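# Breakdown of the fold
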Amino acid sequence: MFYAEKAQKWNEKKSLQKAAKEMLNNPVPAGVTTEMYRVTSLLDASAISWMSDQAVLADTFYFLNVYSHGKLPSHCDQRFLPCEIGCVKYSLQEGIMADFHHFIDSEVPPRGYRYHCQAASDATHKIPISGFHLSRTCYPVVIRELLQFAQPARGAWPRFYCKSDDRFRISWCLERMASIAGVDSPLELLTVEDLVIKLYQKKYHKEPSKTWVSRELDVVLWDFSSNTRCEWHEENDILCCALASCKKIAYCISKSLAGVYGVSLTAAHLPPKDCVSNGNTNLRRVILDAGRFQESKARGSGSDRRIHSPSGVQELVPSSCEFEISPFVQGKRVFKRDPIAAFSEFWAQKLLFVSSVKLIQLCMSWVCNGTWCRFD
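Residues numbered from 1 in each chain as written. Predicted model: local features only at pLDDT ≥ 70, side-chain atom pairs only at ≥ 80, totals over all residues. Heavy atoms only, no water.

With that out of the way, let us pick up the packing of aromatic side chains. Throughout the structure, instances matching the rule amount to 14 aromatic pairs. Between Phe63 and Tyr90, the aromatic rings sit 5.6 Å apart at their centres with planes inclined by 35°, giving tilted as the arrangement. You can see Phe63 sitting in strand β2 (residues 61-71) and its partner Tyr90 sitting in strand β3 (residues 80-91), a full 27 residues away along the chain. (Phe/Tyr/Trp six-rings, centres within 6.5 Å; stacked < 30°, edge-to-face > 60°. Helix = DSSP H or I, 4+ residues; strand = E, 2+ residues; numbered from the N terminus.)

Right, let's talk about the packing of helix α6 (residues 192-204) against helix α9 (residues 242-257) for a bit. α9 packs onto α6 with a crossing angle of 15° between their chain directions and a minimal axis gap of 12 Å. With respect to their mutual orientation, α6 and α9 come out roughly parallel. Regarding α6 and α9, the two cross each other, and that crossing is right-handed. Listed contacts from α9 to Val192, Leu195, Val196, Leu199 and Tyr200 of α6 are Ile249, Ile253, Ser256 and Leu257. Residue classes in the contact of α6 with α9 are distributed as eight nonpolar, one polar and no charged. (Axes fitted to C-alpha atoms, helices over the stretch in contact; angles between N-to-C directions. Parallel < 35°, antiparallel > 145°, perpendicular 65-115°, else oblique. Left-handed = near helix turned anticlockwise from the far one by under 90°. Contact = heavy atoms within 4.5 Å. Nonpolar A, V, L, I, M, F, W, Y, C, P; charged D, E, K, R; others polar.)

Moving on to the side chain of Ser106. Examined against the element boundaries, Ser106 turns out to sit in the loop between β4 (95-103) and α3 (114-122). Judged by its relative accessible area of 15%, Ser106 is buried. Excluding residues within four positions of it along the chain, Ser106 makes contact with His69, Leu81, Pro82 and Tyr139. (Buried < 20%, exposed > 50% of the residue type's maximum accessible area, 1.4 Å probe, protein only.)

Our focus in this paragraph is the side chain of Ser68. Locating Ser68 in the fold gives a position in strand β2. Of the residues examined, Ser68 reaches a relative accessible area of 9% and is grouped as buried. From its side chain, Ser68 meets the backbone oxygen of Gly70 in a polar contact 2.8 Å long. Within the local environment of Ser68, its side chain forms a polar contact with the backbone nitrogen of Leu81, the two atoms lying 2.8 Å apart. Ignoring anything within four residues of it in the chain, the contact list for Ser68 reads Phe80, Leu81, Pro82, Cys83, His125 and Arg169. (Polar contact = N/O pair within 3.5 Å; in protein donor to acceptor, adjacent residues only side chain to side chain.)

Shown next, in the form of structure tokens:
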């Protein structure tokens, strides 16, 4: 027991010395201080705003994810062991412009939790805890290269977005790596769900439900698409990849919002086989005002129909266009078809079935009673 504790302390001291040596060989970018650290600031949706649609198209978003070897109990100093980081630079106009990916040389698991960490890894990203030849990037290098990848313009740091369920883990891992690196980088971490809601609100002045947004971001449509996962996860056919999770966020936003803002989809917005060659970007729409949609559907005729967008502008939509209706809009249930028509059709079928059964029973009673007419 005594020697195990000594070995753990020696390994921690060795990792810190390695990190300090790496920092000396690779200094942090200019303008980044090396005092007390606070790597992330968690902002709410009120921080997201644009002056015009052109500002939305020109804005740059960074989608970030950090994977860990499981999650340790709250009484442990090390809640997570970051092992992989992925980030993409994205805009609605240009699509995915650049990506960032590293396997991280994580710390030694706390005593007694090695099996727990390895089991969590085997169930998700399958990155080995030790002996992995690609995990050679230490914490200071990861933070330094992430700051260089973000490329702050005019002294303003860009905002990073992640899923709300991953926010605590990503924030903790970034702060842990920054504490060992000894840097202070004012990164702003927001949720991508709030971003999507704000993008719809900017265009239509109405919000989709957060339930629908979360469901759209959790799609598995691009799990096996080419040029989505990192090279190692692609070769080993492993779905969970930090880089792939960031790219799939960009794909979801492109498919949902490109048509809303009139952007033509390219190979930078979606995987090549999913891009529409004829330039039709209206792959999916969200009906934010279900009442107007039902009224316009009742009035419409023919193969094409007009719908009223929440902004009051009529749009001609081909019948082949796919619609996705939000399940909840401002607390009201939205039905994909008229409930009164469905109710009437159901009972009409029931009455027809009952009438047929009654006729058969009447014929059988005639046969049994000998009243059936013979023609012999």
